[in-house]
Each structure stands twice: as structure tokens, then as C-alpha cells.
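# Coordinates in review
What follows is the residue order along each chain.
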Number of protein chains: 2
Amino acid sequence: MTTVTTARGAATPDEHRDPGKPHALEHITVVDFTRVLAGPTCTRMLADAGARVIKIERPGTGDDTRQMGPFASDGTSEYYRFANLGKESIALNLKDPGDLRLTKAMIAKADVVVENFRPGVMAKLGLDPAELVQENPRLIVCSISGFGQYGPLHLQAAYDTVIQAISGIMDSTGEPDGDPTRVGTSISDILGGVFGYCGIVTALAARERTGKGTTIDVAMLDATFSTMEQGLMDALGVHRRPHRIGNRHPSMTPFDTFRCADQLIAICAGNDHLFGILADTLGKPELATDPRFATNVDRTNHQADLKGAMEAVLRTDTAAAWHERLEEAGVPASPILNVDDTRRLEHIKVRGMVKDVGGFQVPGNPIKFGAYNSLGTMIPSPELNNRGDALRAEFAAAANPGTPDGGATRS
Amino acid sequence: MTTVTTARGAATPDEHRDPGKPHALEHITVVDFTRVLAGPTCTRMLADAGARVIKIERPGTGDDTRQMGPFASDGTSEYYRFANLGKESIALNLKDPGDLRLTKAMIAKADVVVENFRPGVMAKLGLDPAELVQENPRLIVCSISGFGQYGPLHLQAAYDTVIQAISGIMDSTGEPDGDPTRVGTSISDILGGVFGYCGIVTALAARERTGKGTTIDVAMLDATFSTMEQGLMDALGVHRRPHRIGNRHPSMTPFDTFRCADQLIAICAGNDHLFGILADTLGKPELATDPRFATNVDRTNHQADLKGAMEAVLRTDTAAAWHERLEEAGVPASPILNVDDTRRLEHIKVRGMVKDVGGFQVPGNPIKFGAYNSLGTMIPSPELNNRGDALRAEFAAAANPGTPDGGATRS
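Residue numbers here run from 1 along each chain, matching the order of that chain's written sequence. For this description, chains carry letters from A and ligands carry numbers from 1, given in the order in which they are written. Where local features are concerned, this predicted model is filtered to residues with pLDDT of at least 70; where side-chain atom pairs are given and counted, the filter is 80 or more; whole-chain, interface and lining totals use all residues. Computation of side-chain values covers all heavy atoms of the structure but excludes hydrogens and water.

### Things to note about the sheet that holds strand S7 (residues 255-259) of chain A
All names here are of chain A.
- A pair of strands is treated as paired once DSSP finds two or more bridges between them. Starting at the N terminus, helices and strands are each numbered in turn, a helix being any DSSP run of H or I of at least four residues and a strand any DSSP run of E of at least two. Read across the sheet, 3 strands follow the order S7-S8-S9 without closing on themselves; strand pairing throughout is antiparallel. Of all strands in the sheet, those bounded by a partner on one side alone are S7 and strand S9 (333-335). Here the strands of the sheet are splayed against their neighbours by 20° on average, with no regard to which way each runs.
- Pairing of S7 with strand S8 (residues 264-268) involves 5 bridges; the strand directions are antiparallel. Along S8, the bridge assignment pairs Arg259 with Leu264. Each axis is a line fitted through C-alpha atoms, taken for helices only over the stretch in contact, and angles between the N-to-C directions span 0 to 180 degrees.

### Re the domain arrangement of chain A
- Structurally, chain A comprises domain 1 (13-227 + 349-399) and domain 2 (255-259 + 264-335).
- With centres defined by C-alpha atoms, the gap from domain 1 of chain A to domain 2 of chain A works out at 43 Å. Domain ranges listed in this record stem from an automatic or a database domain assignment.

### Some thoughts on the relation of the copies chain A and chain B
- Fitting of the copies onto one another was done by least squares over C-alpha atoms, counting residues only where both copies have pLDDT of at least 70. Overlay of chain A on chain B (RMSD 0.0 Å): rotation 180°, translation along the axis 0.0 Å. One copy is carried onto the other by what is essentially a two-fold rotation axis. The position closest to the rotation axis in chain A is occupied by the C-alpha of Ala205 of chain A, lying 2.0 Å away.
- Looking at chain A, 100% of its interface residues are interface residues in chain B too, so the copies touch through the same face. Contacts: residue pairs with any heavy atoms within 4.5 Å of one another.

### Notes on the interface of chain A and chain B
- Facing 160 residues of chain A, the contacting portion of chain B comprises 160 residues.
- Put simply, buried area is how much 1.4 Å-probe accessible surface two parts lose in total, over both of them, once they are put together. Summing both partners gives a buried area of about 13,600 Å² for chain A against chain B, and 64% of it is carried by carbon and sulfur.
- Three residues stand out in chain A for area buried against chain B, namely Tyr150, Pro152 and His347 of chain A, and they jointly supply 6% of the buried area on that side.
- The term salt bridge refers to a pairing of a side-chain nitrogen on Lys or Arg with a carboxyl oxygen on Asp or Glu at a separation within 4 Å. Counting across the interface, chain A meets chain B through 12 salt bridges.
- The salt bridge involving Asp222 of chain B is made with Arg351 of chain A; its shortest N-O contact spans 3.0 Å.
- Per-element tally for the side of chain A that touches chain B: the top contributor is helix H8 (residues 187-210) of chain A, with 18 residues.
- Per-class residue counts for the side of chain A that touches chain B are 82 nonpolar, 51 polar and 27 charged.
- Across 2 bridges, the pairing between strand S6 (residues 214-219) of chain A and strand S12 (residues 368-369) of chain B is antiparallel. Gly counts as polar in this scheme, as do all residues outside two lists: the nonpolar Ala, Val, Leu, Ile, Met, Phe, Trp, Tyr, Cys and Pro, and the charged Asp, Glu, Lys and Arg.

### Digging into the nonpolar core
- Nonpolar cores are built from buried Ala, Val, Leu, Ile, Met, Phe, Trp, Tyr and Cys residues. Side-chain atoms within 4.5 Å join them into one set. Type-normalised accessible area, obtained with a 1.4 Å probe on protein chains alone, sets the label of each residue: buried when under 20%, exposed when over 50%, and partly exposed for intermediate values. Counting 136 residues, the largest nonpolar core has Leu25 and Leu46 of chain A together with Leu25 and Leu46 of chain B as its most contacted members.
- If we ignore the near neighbours within four places in the chain, the residues touching Leu46 of chain B are Leu25, Val30, Ala51, Val53, Val114, Tyr197 and Ile200 of chain B.

Next up, the structure:
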């Protein structure tokens with residue numbers, strides 16, 4: 001570990017920690033119908049960028065994740081807490097004409113609507129995305145779903161594990177002779193949310209030129225499929241059916257995990273120069289002159305032999321000891337950390353990737369701007385309906401113009 | 001499989017396939033210094049949104065991935081082809097004063113610069129990100145790197161597998177009694193690129209209000225860490241050290257993969273209602289009334305018992321047969337597809353998630369707009385220097401004002 005230094009000219013930690021900087025999207029208001037993980041990830045990113053996010057929840061129970069563990073000492077679901085920072089909650093019954101009127105009044109003043117119901121549910125509620133954009137031509141309505149708004153599978157229920165299974169990512173993960181393996185985080189939910197954010201902010205940038213809003217349709221399946229790389233190259237490009245290959249890289253060697261005396265270590269020597277240094281560091285310079293390992297292609301063709309030769313040496317000491325030697329020599333390597341150790345890294349602290357919000361720790365903001373706020377929101381995830389009265393008061397006049405009973409209703 | 005239908009009011013496949021729609025970012029010019037995967041993923045997304053992307057490559061060899069397999073029948077690297085659609089290539093020697101002048105002339109007319117060198121390299125080249133923004137106050141300069149522009153580890157070399165190892169995602173993936181498992185796609189590279197895109201487009205939207213550009217610092221480690229969900233909730237929220245749990249969900253049951261006669265199937269019955277239907281579909285209604293399995297918490301506490309009871313039935317038939325029954329009953333389920341089967345799904349075709357560009361198949365665009373082009377770029381990844389002469393001609397006057405030898409040079 002070295003001390004904290006900064007690349008010349010780059011923004012500093014202090015600049016990224018300055019709460020006084022303006023937020024990039026502080027002029028944007030979002031009406032958020034999302035629940036569980038994919039949609040709330042998207043709207044949390046909007047809150048991190050400074051948008052006002054009004055989260056509409058079902059009266060009584062609210063977002064499903066409020067009942068999902070793990071629960072912290074204050075009884076709050078960590079699931080809920082992670083995904084809903086910075087939002088304002090209002091409990092609304094969307095089947096009640098008055099609440100629907102209020103909802104439409106909020107949408108009329110909003111820039112963005114995000115929803116992750118099953119396709120068709122918004123239309124049944126009287127909130128058809130395309131109609132909303134027709135009524136509010138500058139509005140951006142983003143629908144995030146498992147399979148998208150059309151296609152043979154669009155009405156199928158989707159959970160993260162279903163999308164991981166059908167997208168190919170699960171089949172591509174794991175040992176060749178082992179089972180398909182689920183990625184150990186809800187990556188398809190999260191990719192759906194992140195690509196939803198990409199679409200919304202792209203549309204916000206475009207709206208400044210065109211004056212026009214748009215619908216956006218993001219499917220967790222499309223998003224996950226689009227990140228498939230090595231296997232999909234085989235399938236689409238060279239017409240070879242891929243099979244999972246464990247922890248190694250398909251075309252760079254050595255680029256894998258290797259067994260030391262105590263545990264695995266990741267070593268990535270992606271070119272001949274690094275391989276030479278690696279061979280020296282292992283005390284086996286002859287590996288670099290072995291014709292089986294002369295070039296990257298040779299090493300990939302003989303990767304099992306090379307792995308065996310490397311592990312024969314690596315098993316003589318611990319992963320931590322080898323990591324220290326490899327780091328000093330400049331060979332990219334890392335022990336495999338439990339996320340509980342990752343979050344304690346000095347590097348993660350300096351980068352602000354864990355932050356304290358309302359007395360609880362949550363992940364920090366991975367997008368760091370020189371000119372804008374980089375902390376993300378510091379407002380805790382809301383109690384159910386925490387801003388209900390205030391929001392009803394704010395939008396009551398617009399929802400009920402003229403008489404208390406007035407205004408356009410559609411049920 | 002049903003026929004293609006569309007959620008009421010949603011945009012249709014035809015609207016998303018219309019090449020005549022304007023691109024969302026067609027007014028944006030990007031100078032792209034990126035190589036390999038993380039950076040090029042970001043700039044490919046910019047090209048998909050319609051930006052003009054000028055890719056600066058090293059003379060002679062160009063982007064490293066040009067030499068990385070798998071290679072298609074025309075000799076092109078699929079790695080390169082996937083990540084560089086829609087870009088214009090120019091070979092420039094950034095250590096040559098004339099070429100550097102041309103580079104700075106291009107930057108002076110650009111909206112966005114993206115680079116994924118090691119921190120400090122841009123400054124050494126005379127292209128310090130913060131200085132570029134000072135000289136061109138509307139410019140957005142996004143740096144994508146393994147560990148970010150500062151922090152104790154910022155100068156360490158990072159490859160995808162190193163970041164997967166240190167971020168916790170590898171340790172969280174796999175069976176409890178098995179090894180940490182690399183996600184079977186370069187997810188940390190891709191997340192670095194996607195979060196870079198998020199930052200750039202956020203800054204573009206903000207610039208319309210503030211008139212100001214900004215530096216952006218995105219680390220693959222920060223991006224990957226921020227997607228860690230279940231394990232990180234345990235570590236940060238409830239102070240419990242997480243351990244990988246195979247393919248099941250930590251707090252919803254049954255929500256896992258299960259062994260059928262031939263292979264695994266993913267089944268996600270996330271609530272009591274779905275669990276009742278699942279029990280009936282398996283011909284084991286008694287499971288739903290078994291006190292061990294009465295609630296989701298009960299089922300999670302007895303998940304091994306439940307899995308055993310389910311697999312005793314599931315093993316009597318194939319995954320395909322069970323999938324058909326479960327689908328008909330409305331229980332979220334999916335066989336685990338090889339990505340070669342995923343890409344052949346009618347659903348993937350209808351969604352345009354594989355497209356033909358220049359006679360080769362590549363992944364489609366997962367962000368579908370009603371009002372803007374949703375196809376993404378249809379221009380093939382460029383040959384090295386394919387637009388070199390044209391770009392030199394376009395920017396020569398700005399690079400050399402006055403005399404052929406004029407202009408400000410800094411090396």
C-alpha cells in the first residue's frame with residue numbers, strides 16, 4: 001500500500017467529497033412507480049445525480065422490499081435502504097380516482113416517469129406511457145421490465161434468476177465440468193436499472209435540443225444479453241458453441257485464478273513482457289523460454305500445463321505473500337476478497353465508496369465529477385408516506401382545479 | 001410461445017427498427033483514446049446513441065484487441081468488432097508534435113473526450129484532463145480506469161479478473177463449498193464502460209443548463225463494488241460476513257436452480273401465492289400446507305428440505321417438460337440457456353438484440369426509444385486509420401493556423 005496520491009491534474013478526493021457542489025440533475029423531477037430492485041436502482045441513480053424523486057408506494061405495505069431481509073438494528077430492510085436513498089415517499093392507491101388525479105398532477109409537472117410493472121399494467125391504471133408522453137410532450141417515460149414491452153415472452157414474469165438463466169450469463173459462469181452458476185449479485189436486475197438510467201439521461205440530453213420527450217423500453221434480458229462478451233463472440237462471430245471455462249480468460253494466458261498454499265490468487269499477465277516478469281518472480285525463468293509458453297497463443301494452447309507449473313510453485317507460499325511479491329514486480333494480481341474485506345480497503349474508503357447516511361452505511365456513488373456533486377444523495381431511504389401530506393398539499397391545486405371535485409378523471 | 005404482441009400504447013418493434021428516426025446524441029462529437037474493452041464499451045454506447053466517435057489508435061498495430069481472438073472469417077477480431085461499431089479510426093502518434101497538435105484541434109471541436117489509460121498517462125502526453133477542461137470549458141473528459149484517478153491502489157494495473165477478484169463479486173459467486181468463481185463475461189470491464197457512459201450523458205444533460213464541462217473519474221472497482229448487493233448488505237448493514245450460497249436467493253425461497261431428469265431449471269416462486277401454484281403444478285399440493293414451508297421465511301429456513309422435496313419430483317421429467325407446465329401455470333421459470341440458444345430465441349430476434357452490420361452479427365442496442373433511433377449504429381467497426389486522411393484534412397487548418405508550421409505545440 002502506498003500513500004494517497006492523485007494522478008496529475010485529476011480531481012482530488014476533497015473535490016469529490018465537497019457537498020457544496022451543485023448536483024448535475026438538480027433541475028429534474030422524477031415520478032417513480034418502481035418496486036423491488038431493477039427500477040429502484042435506476043431511480044436511486046437519478047437521486048444520486050440530484051434529481052427530485054417522488055416514490056409512489058402502495059398504501060399499507062409499500063415497496064415489497066420493505067418486508068425483505070436482511071433487516072438492520074432499526075428494523076429497516078437493507079434491501080430497501082440500499083435502493084431508495086434520497087427519495088420522497090407517498091402512499092397512493094392508483095385505483096382511487098382522487099389519488100390517480102393527484103398522480104397525474106405530479107406527472108404533469110415532472111420530467112421523468114419510471115415504472116417497472118409488468119407490461120400493460122400502466123395502461124390499465126390509466127397511465128399508458130405513450131399517452132402520457134402525448135399529453136406531456138416533454139415527458140420521458142422509462143419502462144423497465146424483465147423481457148420488454150413486446151416480443152413473444154413480454155408478459156412472462158421475470159425475476160433476476162430467471163433472466164440470468166435465459167440470458168446465457170449463468171451458463172457461461174462456472175467450471176467446465178460443473179453446473180451453470182448464478183452471478184452472486186442480482187446482476188440482471190441491476191443492469192436493467194443501470195441501462196434504464198442510461199436511456200433516461202440520454203433522453204434528457206436530447207430533450208434540450210429537440211424539446212421532445214419519449215418512451216423508453218429497457219428489458220433486463222436485453223441488458224444482460226448485451227453484456228455477454230466472450231461466449232457471444234463465439235456464437236455470433238465464429239459460429240462455435242461456447243462452453244464455460246472456469247475462471248480463466250478465453251484468449252489471454254496466464255489470466256486466471258491459481259491455488260496458493262492457503263487460497264486462490266488472481267494473476268493476469270496479459271502480454272509477453274508481463275509473463276517474463278512473472279516467470280522471474282516465481283523463480284522459474286525457464287517458463288519464459290519454454291517453447292510451449294513462448295507467445296500468448298502458445299500459452300493459451302498449453303494453459304493447463306502452464307497452470308500446473310505455476311501452481312507447483314505458488315502452493316509453496318500463501319496468497320498474501322505471493323501478492324506482495326507480484327505487486328512489487330508489477331504483475332497484475334489480487335487475492336480474492338470477501339466483500340466484507342473489500343469494503344474495509346483503505347482504497348474504498350478514500351474513494352468514498354462506502355458512505356454513512358442517517359447513521360447507516362450504504363454504497364457510495366461510482367460516478368465522480370470534477371464540476372458537480374459526486375457524493376450522491378445523503379438523504380436516507382424514506383419511511384412509507386414520509387412526504388405524503390406535503391406532496392398532497394403541493395399538488396392538490398393542480399389535481400383539483402376549480403372545485404374540490406373538479407379536474408379530469410379517468411379510471 | 002405466443003405471437004408477437006405489444007403492451008398497449010408501448011412503442012412497437014417497427015418504431016424501434018425505423019432507421020429514419022433522429023439519433024438522441026447526433027449533435028455530439030467524441031474524441032476516443034480508449035483501448036481494449038472498458039473504454040470502447042463506453043464509446044460504443046455513445047456511437048449507438050448517434051454521437052460521432054473519432055477513435056485515436058496507435059500507428060501500426062492499433063487497438064490491442066485487433067490482435068485478440070476469436071477471429072472471424074474475414075480475419076477481424078470479434079473482440080474488436082463488438083466494441084468499436086460506428087467509430088472513425090485515425091492512427092496518431094501522440095508523442096509526435098504534429099499529431100498532438102491535430103489531436104488538440106480535434107479536442108477543441110469536441111464535446112467529449114474518453115480515455116482509459118493508466119492514471120497520469122494523459123498528463124504525460126500533454127493532455128491532462130483537468131487542463132483540457134480549463135482550455136475548453138464546455139468539454140467533458142471521462143477517465144475510465146481499474147482503480148480510479150486517486151487512492152492507494154490507483155496506479156496498479158487492472159484487468160477485469162483482478163477487479164472481479166478484489167471487488168468481492170468473484171468471492172460471492174459459486175457454491176458454498178466450492179471455489180470463488182469468475183463471472184463468465186468481463187463484467188467489471190463492462191460496468192466500467194457503462195458507468196462511464198452514465199457519467200458522460202449526465203454531464204451532457206447538465207451542460208445544457210450550466211454551460212460547463214467537467215472531468216469524470218470512473219473506476220471499474222467502484223462500479224463493480226456498487227453493484228454488490230446481497231453480500232454487501234450483510235457486510236455493511238447487519239455486520240455479518242457473507243459467504244457465497246450457490247444459485248439460490250438469500251431471502252426468497254424457492255428461488256434457485258433445481259435438477260430435472262436432464263439438466264437444471266431456474267424456478268422463482270417469490271411469494272406464497274406462486275408457491276401454492278408451484279406445489280400444485282408439481283403434483284405435491286401438500287408442500288403448500290407443510291408448516292416448514294408455510295411462509296417465505298419458513299421456506300428460507302428449510303430451503304434444503306424444500307429443494308430436496310422439489311427435486312424428487314422434478315427429476316422425473318426433463319427441464320423442457322417442466323418449463324412448459326410451469327409457464328402455463330404462471331410460475332416464473334426458465335431453462336438455463338447456452339448463449340448460442342439465447343441468441344436464437346424468437347424473442348431476441350423480435351427485440352432486435354442481434355443485428356447484422358456489414359455482413360456480421362453483433363449484439364443489438366438494449367435502450368429502445370419511442371422518439372429516437374433505437375437500432376444503434378449500423379456502421380461496422382473501422383479498419384485501422386480508415387478515416388485518417390479525411391480527419392487530417394478536416395482538422396489541418398485548426399491544427400496549423402497561419403503557416404504550415406504554426407500553431408501552439410506542447411510536447
